[in-house]
Structure formats: C-alpha cells, structure tokens
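One-letter residues, chain by chain:
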Amino acid sequence: MGKPDSMTDTALPAEIAALSFEDALRELEQIVQQLERGQVRLDEAVTAYERGSHLKRHCERRLAEARTKVEKIMVSADGTAAGTAPFDPV
C-alpha cells in the first residue's frame, strides 16, 4: 500500500485544523519566505516544510468548503436565496 494522497488523507494536526483560513495562509506565507531565504538548518527546513504542507492542505479545504457554500446559494434579483447555481469566479 502506497503513501496516502494529500487530498484524501484527512488527518491534520488539531492546532492547524483550528486555524482560520487567514491565519493559516499568513503562517504558510511566513514559512515560504523563510524557506526561500535558505537561512534555516536542514532539520528546521524539513519541519517547516511539513507544517507548510499541512497548512496548504487546510487552506485548500477551507476554500473548497467556501466554494461549495457559494455554489449552493443563488441570490435572486430581490436579494432572497432562490436556489443553487455553480460557482463562476469570472
């Protein structure tokens, strides 16, 4: 049996799962900047990369949840919810 796919592996550290999208994204950006500068030791870089991977997955899930909610809501001209429609970001 191989390594689980990142989208199907549901286990996230509880501390990451509890973060808001904005907080997780902010921390992920900090990790990326830190790794790009290359000023961390190898073991610290590996740990940061692993955490960043969890943060990325968390952000992706939060975006998917939001997208699903938007797809389910279609607002009519008078402002009331009128049904469902696919989400079109354009």
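In what follows, the accompanying structure is described.

### A closer look at the packing of helix 2 (residues 21–37) against helix 3 (residues 42–72)
- Running from N to C, helix 2 and helix 3 point in directions that differ by 145°, and their axes come no closer than 9 Å. Regarding helix 2 and helix 3, the two cross each other, and that crossing is left-handed. Across from Phe21, Ala24, Leu25, Glu27, Leu28, Ile31, Gln34 and Leu35 in helix 2, the residues of helix 3 making contact are Ala45, Ala48, Tyr49, Arg51, Gly52, Leu55, Lys56, His58, Cys59, Arg62 and Leu63.
- Partitioning the contact of helix 2 with helix 3 into residue classes produces 12 nonpolar, three polar and four charged.

### Topic: helix 3
- With 31 residues, helix 3 ought to run about 45 Å at 1.5 Å a step, and its terminal C-alpha atoms sit 45 Å apart, in line with that.
- Turning to helix 3, its buried residues number three or more, namely Ala45, Ala48, Gly52, Leu55, Arg57, His58 and Cys59.
- Elements that come into contact with the buried residues of helix 3 comprise helix 1 (14–17) and helix 2.

### Digging into helix 2
- Under the 1.5 Å per step criterion, the end-to-end length of helix 2 is 24 Å for 17 residues, consistent within 8% with the ideal 24 Å.
- Structurally, helix 2 contributes buried residues whose contacts are with helix 3.
- Looking one or two residues past helix 2, Gly38 carries a phi angle of roughly 65°, positive in sign.

### Things to note about the environment of Asp23
- Examined against the element boundaries, Asp23 turns out to sit in helix 2.
- Asp23 gets classed as partly exposed once you look at its relative accessible area, which sits at 35%.
- A sequence separation of 36 residues divides Asp23 from Cys59, and the C-alpha atoms of the two residues are 9.5 Å apart.

Definitions and cut-offs
- Residues numbered from 1 in each chain as written.
- Predicted model: local features only at pLDDT ≥ 70, side-chain atom pairs only at ≥ 80, totals over all residues.
- Heavy atoms only, no water.
- Axes fitted to C-alpha atoms, helices over the stretch in contact; angles between N-to-C directions.
- Helix = DSSP H or I, 4+ residues; strand = E, 2+ residues; numbered from the N terminus.
- Left-handed = near helix turned anticlockwise from the far one by under 90°.
- Contact = heavy atoms within 4.5 Å.
- Nonpolar A, V, L, I, M, F, W, Y, C, P; charged D, E, K, R; others polar.
- Expected span 1.5 Å × (residues − 1).
- Buried < 20%, exposed > 50% of the residue type's maximum accessible area, 1.4 Å probe, protein only.

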